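So the chains spell out like this:
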Amino acid sequence: MAWLLVVVAGILETGFAVCLKLSHGFTRLWPTVAFCSFALGSFGLLTLSLKKLDVGPAYAVWTGIGAAGTAIYGMAFLGDLVSTLKLVSISFVIVGVIGLQLSGSAH
């Protein structure tokens, strides 16, 4: 259950990163409100998961999901540059997230 919280928190991290861009420096109301909601949910779920998980693997999985998700979203919907190197690098992040999740021990 704790790893599920980390995965959902990572997905919410993607949401807050995208909304941070869309807020244009917190000058647009609804993306700013969404950013705050996603950030609160993401940090809250990560905090709950750390009651059962080691901080290193949990934090790395959380940031990896957020980074990969944000990069993929940016390429798919925000016009970010798509390159072979970027796609290979995202694949490495995903493989690393899986490896860390498998190696992470619960308390």
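The structure under discussion appears in the preceding block.
Residues numbered from 1 in each chain as written. Predicted model: local features only at pLDDT ≥ 70, side-chain atom pairs only at ≥ 80, totals over all residues. Heavy atoms only, no water.

Once that is clear, we can look at the side chain of Thr 14. Secondary-structure assignment places Thr 14 in helix α1 (residues 2-22). Not counting residues up to four positions away in its chain, the partners in contact with Thr 14 are Ile 65, Gly 66, Gly 69 and Thr 70. (Helix = DSSP H or I, 4+ residues; strand = E, 2+ residues; numbered from the N terminus. Contact = heavy atoms within 4.5 Å.)

The next subject is the environment of Lys 52. One can find Lys 52 in the loop between α2 (29-49) and α3 (55-77). Owing to a relative accessible area of 48%, Lys 52 belongs among the partly exposed residues under this scheme. Taking C-alpha positions, Lys 52 is 9.2 Å from Met 1, a pair spaced 51 residues apart along the chain. (Buried < 20%, exposed > 50% of the residue type's maximum accessible area, 1.4 Å probe, protein only.)

Another aspect to go through is the nonpolar core. Of all hydrophobic cores here, the largest spans 15 residues; its most connected members are Trp 3, Val 6, Phe 16, Phe 35, Leu 53, Val 61 and Trp 62. Where this core is concerned, the elements lending two or more residues are α1, α2 and α3. Broken down by element, this core gets its largest block of residues, six residues, from α1. With sequence-adjacent residues up to four places away left out, Trp 62 is seen in contact with Val 6, Ala 9, Gly 10, Glu 13, Phe 16, Ser 42, Phe 43 and Leu 46. (Core = buried A, V, L, I, M, F, W, Y, C linked by side-chain atoms within 4.5 Å.)

Looking now at the side chain of Ser 49. Within the secondary structure layout, Ser 49 lies in helix α2. You can call Ser 49 buried: its relative accessible area is 0%. For Ser 49, the residues in contact, after removing those within four places along its chain, are Ala 2, Leu 5 and Val 6.

What follows is about the packing of aromatic side chains. Going through the model one piece at a time under the given rule, you end up with six aromatic pairs. Relative to Phe 35, the ring of Phe 16 lies with its centre 5.8 Å away and its plane at 85 degrees, an arrangement referred to as edge-to-face. Pair noted here: Phe 16 is in helix α1 and Phe 35 is in helix α2, with a separation of 19 residues, a long-range link. No difference in accessibility class separates Phe 16 from Phe 35, as the two residues are buried. Measuring from centroid to centroid gives 5.3 Å for Phe 26 and Phe 35, while their planes differ by 55 degrees, and the two rings are tilted. (Phe/Tyr/Trp six-rings, centres within 6.5 Å; stacked < 30°, edge-to-face > 60°.)

Remark: α2 packs on α3, axes separated minimally by 11 Å, with the N-to-C direction vectors making an angle of 155 degrees. It follows that α2 is roughly antiparallel to α3 by the angle criterion. At the point where α2 passes α3, the crossing takes the right-handed sense. Across from Ser 42, Phe 43 and Leu 46 in α2, the residues of α3 making contact are Ala 58, Tyr 59 and Trp 62. Looking at side-chain class alone, the contact of α2 with α3 contains five nonpolar, one polar and no charged residues. (Axes fitted to C-alpha atoms, helices over the stretch in contact; angles between N-to-C directions. Parallel < 35°, antiparallel > 145°, perpendicular 65-115°, else oblique. Left-handed = near helix turned anticlockwise from the far one by under 90°. Nonpolar A, V, L, I, M, F, W, Y, C, P; charged D, E, K, R; others polar.)

Purely geometric numbers; function is a separate question.
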